[in-house]
Amino acid sequence: MGLENCQADFPVLERLIDGQRVTYLDSAATSLKPRSVIDAMSNFYSQNGVNIHRGKYYLSEEASDSYERVRYSIAQYLGAYGNEIVFTKGTTESLNLVAYGLGLQQDDIVVGFLDSHHAQLLPWRRAANLKLVNLNSDGGIDLDHYHELLKLKPKVVVLTHCSNVSGNIAPIEEMTIAAKEACDAIVVVDAAQSMPHPHLRIDVSKIDVDFVAFSAHKMLGPTGVGCLYGKSSRLNELRPLMLGGGMVDWVDTEGSQERKIPHRFEAGTPAIASTLGFGEAINYLKRFGEKKSLEHTEELTEAIIKGAMERDYIQLLGTKSTENRCAIGSLRIKNCDDLSDIARSLSDSYGIMCRTGHMCAQPIVDEQMGDEVLRISAYIYNTTEEIERFYQSLDELVSFLGLV
Ligand code: PMP
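No experiment lies behind these values; they were computed from the predicted model shown. (Residues numbered from 1 in each chain as written. Predicted model: local features only at pLDDT ≥ 70, side-chain atom pairs only at ≥ 80, totals over all residues.)

## Quick word on the nonpolar core
- Among the nonpolar cores identified, the biggest contains 122 residues, and V189 and V212 are the most heavily contacted of them.
- Per-element accounting of this core gives the leading share, nine residues, to helix α9 (residues 272-288).
- When we break this core down by domain, the ones giving at least three residues each are domain 1 (3-26 + 290-400) and domain 2 (38-287).
- Excluding anything up to four places from it in sequence, V189 contacts L159, H161, I172, I202, V209, F211 and V212. (Core = buried A, V, L, I, M, F, W, Y, C linked by C-beta atoms within 7 Å. Buried ≥ 20, exposed ≤ 12 C-beta atoms within 10 Å, placed from the backbone. Helix = DSSP H or I, 4+ residues; strand = E, 2+ residues; numbered from the N terminus. Domains from an automatic or database assignment. Contact = placed C-beta atoms within 7 Å.)

Next comes the structure, spelled out in structure tokens:
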């Protein structure tokens, strides 16, 4: 699959807005969707559209089979068993499910990281005593501090594989080994930003993590569905977050019997069409391949870092090395108090879509940058020319606004 062909797979990139092509640099928020994913969902609604797991009739069984095939395809992608894949609404629900379901006590220690997303910080802070690992002076993870905190013998270690603001990729294999050796901690990985990249796929048959959370919509799939991988022994001990239809074998006036994993975590009617779209997204990513994913990410990352380093008026969050980094750049602009004005002008005058704010990771943004950032994030359909165009457009804007 060539990159040019890859762009042609994304219908939204054919759109002209006020005569301009779309330059989409907000994939860390959500990715664009290829035609095959859109078709899979539309096909379900036009050819089937019924509920799963409930009916003993052709259409329902067909829908159930397709749905369960996606579960097995995801399991295979991760090196897991089918019953270890729980469908959720996304990373946020997956992390909340684990933080709630482990039944921690308020004084249990959980070790997390300053560069985590709020979806990883808040559920653990509510459930237990959350201690955060700092960043080092280069803006990378302070592994010495991590080892120091492991001496507290945390019950759980919550890793973020790739930060959605710094783009840092954490050495999760090494960190998992350390957590197991120090205190046999339960290791929970937020893989929302890493799983979209085939070269960062976590193979759970090789890395001894207990839980992995991710969302379909960041990896070419639709919104409304995501996944929690859990080791079967861990899932068997986890309390479900949601109770209701579909997760019980029987109910009487006194009690009920929960179904086996993974179904006891999937109460209610799921996002069936979106799950089928998720399956197609995985197929697409498999075809894209690990080698190309790595090479392309490196090129985009280099373009992001180079563009920022070449300009005195830009401050870039995180390490300035292209190694162990994703194509995410969070920037501050000298003398600029309102980044949202810049984002609006980039969109209206240049067709460039990027994001401003704290990126749902306020502790690291506040600590490293003191205020909101403008974030660009690139993915498989972006080119280095688009990154260069972003910086050239920014040059024009900051000069026009008299900021430099
Ligand atoms: N973790 C990280 C690192 C993220 O980037 C995001 C999404 N921005 C989330 C968790 C939450 O994902 P979702 O909104 O799909 O639940």
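## A look at the domain arrangement of the chain
- When cut into domains, the chain gives domain 1 (3-26 + 290-400) and domain 2 (38-287).
- Facing the 25 residues of domain 1 at the interface are 20 residues of domain 2.
- Among the secondary structure elements, those contributing two or more residues to the side of domain 1 that touches domain 2 are α10 (290-309), β14 (328-333), α12 (362-369) and β17 (373-377).
- By residue number, the principal contributor to the side of domain 1 that touches domain 2 is α12, which donates five residues.

## Focus on the sheet that holds strand β13 (residues 314-316)
- Spatially, the four strands line up as an open sheet ordered β13-β14-β17-β16, and their pairing is antiparallel. Whereas interior strands pair on both sides, the edge strands pair on one side only; in this sheet they are β13 and β16 (355-357). Across the sheet, the mean angle separating the axes of adjacent strands is 35° when strand polarity is ignored.
- By the bridge criterion, three bridges tie β16 to β17 in an arrangement that is antiparallel. Bridge pairing links G357 to V373 in β17. (Pairing = 2+ DSSP bridges. Axes fitted to C-alpha atoms, helices over the stretch in contact; angles between N-to-C directions.)

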